[in-house]
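Spelled out, the chains give:
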Amino acid sequence: MFPWQRGVLVLVLAASTMLYVSRLDLAPVYLGGDEAHFAIGGHAIAQTGRNVNGDRWPLFFNLADPLGDPVKMPWGNTWYHPMLFYLIALALKVQPLSEAAVRVPNAIIGGLLTPLLLYLAARKLGFGRSGGFAALIIASLTPVHFILSREALDYTLAVPFACAWVWLVADYAQRPRVSRAVATGLLLGIGDRKSTRLNSSHVKRS
């Protein structure tokens, strides 16, 4: 890649990142229900190393409020993937609790990391620089990706893992190596948000 091409890539990624992180305290105008749960859970970890239920460095998070009235859902008790909670906790270590602070980790992932990984995956699949830039720009300007990446929700967190997985699969097809095969499995396991949402009633029955 020529220096000017690297410069263009940096500028495009910088513009995408700025678009995603700009005015996070104003749009969306307030924290939604699940956003508030993620925010409080991340804040608790940042302050004490424990979630709101008192569990130290939990592997999964329950959004139930221990001080509120218990609400039984039809599907049972749900446990959430921990990644966004810990990312929010890291953000709250360097800035006070606010709408923008709890949203910025997801916005950076959506505006910077995901487009970059998609660019690299497109290049690895043989679409060239133009194809990589097209994939990057399309991802950055996709409305649903833009909207969900500006919220403290984990719906888009699996996307960068999928992009990295595509890159690894394409690399493995070119040069088969055990390390690449192991890495693809690890990425899918770590990044699969839905597979780690557990139903406690199912766990008890098993």
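First, a word on scope: everything that follows refers to the structure included in this document. None of these values were measured; they are calculated from a predicted model.

About the cut-offs
- Residues numbered from 1 in each chain as written.
- Predicted model: local features only at pLDDT ≥ 70, side-chain atom pairs only at ≥ 80, totals over all residues.
- Heavy atoms only, no water.
- Helix = DSSP H or I, 4+ residues; strand = E, 2+ residues; numbered from the N terminus.
- Buried < 20%, exposed > 50% of the residue type's maximum accessible area, 1.4 Å probe, protein only.
- Contact = heavy atoms within 4.5 Å.
- Core = buried A, V, L, I, M, F, W, Y, C linked by side-chain atoms within 4.5 Å.
- 1 Å grid on protein atoms, 1.4 Å probe; cavity = no way out; pocket = protein on both sides within 12 Å on 5 of 7 lines; lining within 4 Å.
- Points joined across faces, edges and corners; volume = space filled by probe spheres on them.
- Nonpolar A, V, L, I, M, F, W, Y, C, P; charged D, E, K, R; others polar.
- Axes fitted to C-alpha atoms, helices over the stretch in contact; angles between N-to-C directions.
- Parallel < 35°, antiparallel > 145°, perpendicular 65-115°, else oblique.
- Left-handed = near helix turned anticlockwise from the far one by under 90°.
- Salt bridge = Lys/Arg side-chain N within 4 Å of Asp/Glu carboxyl O.

What about the overall build of the protein?
- Across its full length, the protein holds 9 helices and 3 strands.
- Within the protein, buried positions represent 38% of all 206 residues.
- Intrachain contacts of the protein at a sequence separation of at least 6 include 67% that bridge at least 24 residues.

Examining the nonpolar core
- Counting 18 residues, the largest nonpolar core has F38, Y80, L84, F85, I88, L92 and V102 as its most contacted members.
- When contributions to this core are tallied by element, the ones reaching two or more residues are α2 (33-48), α3 (83-92) and α4 (99-124).
- In terms of residues, this core owes the most to one element, α3, which gives 5 residues.
- Counting 6 residues, the second largest nonpolar core, distinct from the first, contains L117, A164, L168 and L187.

Observations concerning the layout of surface pockets
- Its boundaries defined by the atoms lining it, the second largest pocket holds a volume of some 150 Å³.
- Lining the second largest pocket are 13 residues, with H37, I40, G41, V52 and L63 sitting closest to its centre.
- Among the elements of the structure, α2 and β1 (61-62) are those that each provide at least two residues to the lining of the second largest pocket.
- The element contributing the most residues to the lining of the second largest pocket is α2, with 5 residues.
- Class assignment for the residues of the lining of the second largest pocket results in 7 nonpolar, 5 polar and 1 charged.

Side note on the packing of helix α1 (residues 3-21) against α4
- Where α1 contacts α4, the two axes come as close as 8 Å, and the packing angle between them is 150°. On the basis of the axis angle, α1 is roughly antiparallel to α4. Viewed along their axes, α1 and α4 form a crossing whose handedness is right-handed. Residue-level inspection shows L9, L13, S16, T17, Y20 and V21 of α1 in contact with α4, the latter providing V104, A107, I108, G110, G111, L112, P115, L116 and Y119.

Brief notes about the pattern of salt bridges
- Within this structure, the stated rule accounts for 5 salt bridges.
- E35 is paired through a salt bridge with R103; the nearest N and O atoms lie 2.9 Å apart. Residue E35 is found in helix α2, and its partner R103 is found in helix α4; the two are separated by 68 residues along the sequence. Residue E35 shares its accessibility class with R103, and that shared class is buried.

A few points about unusual backbone geometry
- Cis geometry is adopted by the peptide bond preceding P28, which originates at A27 and carries an omega value of 0°.
- The phi angle at R23 is positive, at roughly 55°, despite the residue not being glycine.
- A relative accessible area of 55% places R23 in the exposed class.
- For W57, which is not glycine, the phi dihedral falls at a positive 40°.
- By secondary structure assignment, the location of W57 is in the loop between α2 and β1.

Looking at the packing of α2 against α3
- Viewed as axis vectors pointing N to C, α2 and α3 meet at an angle of 60°, and their least axial separation amounts to 7 Å. By the criterion of interaxial angle, the relationship of α2 to α3 is oblique. Both α2 and α3 take part in a crossing whose hand is right-handed. Touching H37, F38, A39, G41, G42, H43, I45 and A46 of α2 are L84, F85, Y86, I88, A89 and L92, all from α3.

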